[in-house]
Amino acid sequence: RNLCEVGQKLIGSCLQFAVDCEGRPLRTIEGVSREPLGAKLEQAFVDCGAVQCGFCTPGMVVQARHFLDAHPNATRDEIKRGIEGNLCRCTGYVKIVDAIEAAARGDR
Ligand code: FES
């Protein structure tokens, strides 16, 4: 699912009315991509083979950035819990967790 941040809260983009965001900080994948951690996550997703069809990728990257922002030293199990509720039909999640873990460690 595609996600965005409104204020400090992660929300499904398709459930958020634009008019309700007026005057509130809003962060989408485009904004996340311009941040160092977002760019690092995107490169790690590519390097780790965590992108197949790409449908889930923007939401995964937004969710991972949101999670790592609050939990920069997360363990692998914490990362798995951190992306709960976000579905990927292609990768089986192992490569996605690898990518988030690599970005968190600064390997990418
Ligand atoms: Fe296809 Fe995740 S890469 S749904």
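As a reminder, the structure under discussion sits directly above these lines.
Residues numbered from 1 in each chain as written. Predicted model: local features only at pLDDT ≥ 70, side-chain atom pairs only at ≥ 80, totals over all residues. Heavy atoms only, no water.

K.L.:
Can you tell me about the packing of helix α2 (residues 36–47) against helix α5 (residues 94–105), naming the residues and giving the values?
P.N.:
The N-to-C vectors of α2 and α5 enclose an angle of 140 degrees; their axes lie 8 Å apart at closest approach. When the axes of α2 and α5 are compared, the pair comes out oblique. Crossing of α2 over α5 shows right-handed handedness. Taken together, the residues of α5 that come into contact with α2 (itself represented by Lys40, Leu41, Ala44 and Phe45) are Ile96, Ala99, Ile100 and Ala103. Looking at side-chain class alone, the contact of α2 with α5 contains 7 nonpolar, no polar and 1 charged residues. (Axes fitted to C-alpha atoms, helices over the stretch in contact; angles between N-to-C directions. Helix = DSSP H or I, 4+ residues; strand = E, 2+ residues; numbered from the N terminus. Parallel < 35°, antiparallel > 145°, perpendicular 65-115°, else oblique. Left-handed = near helix turned anticlockwise from the far one by under 90°. Contact = heavy atoms within 4.5 Å. Nonpolar A, V, L, I, M, F, W, Y, C, P; charged D, E, K, R; others polar.)

K.L.:
A description of the packing of α2 against helix α3 (residues 57–70) should follow, citing residues and the corresponding values.
P.N.:
Between α2 and α3, the least distance of the axes is 10 Å, while the angle of their chain directions is 130 degrees. Taken as axis vectors, α2 and α3 run oblique relative to one another. Relative to α3, α2 is oriented so that their crossing is right-handed. Here Leu37, Gly38, Leu41, Glu42 and Phe45 of α2 lie close against α3, whose contacting residues are Thr57, Met60, Val61, Ala64, Arg65, Leu68 and Asp69. Classifying every residue of the contact of α2 with α3 by side-chain character gives 7 nonpolar, 2 polar and 3 charged.

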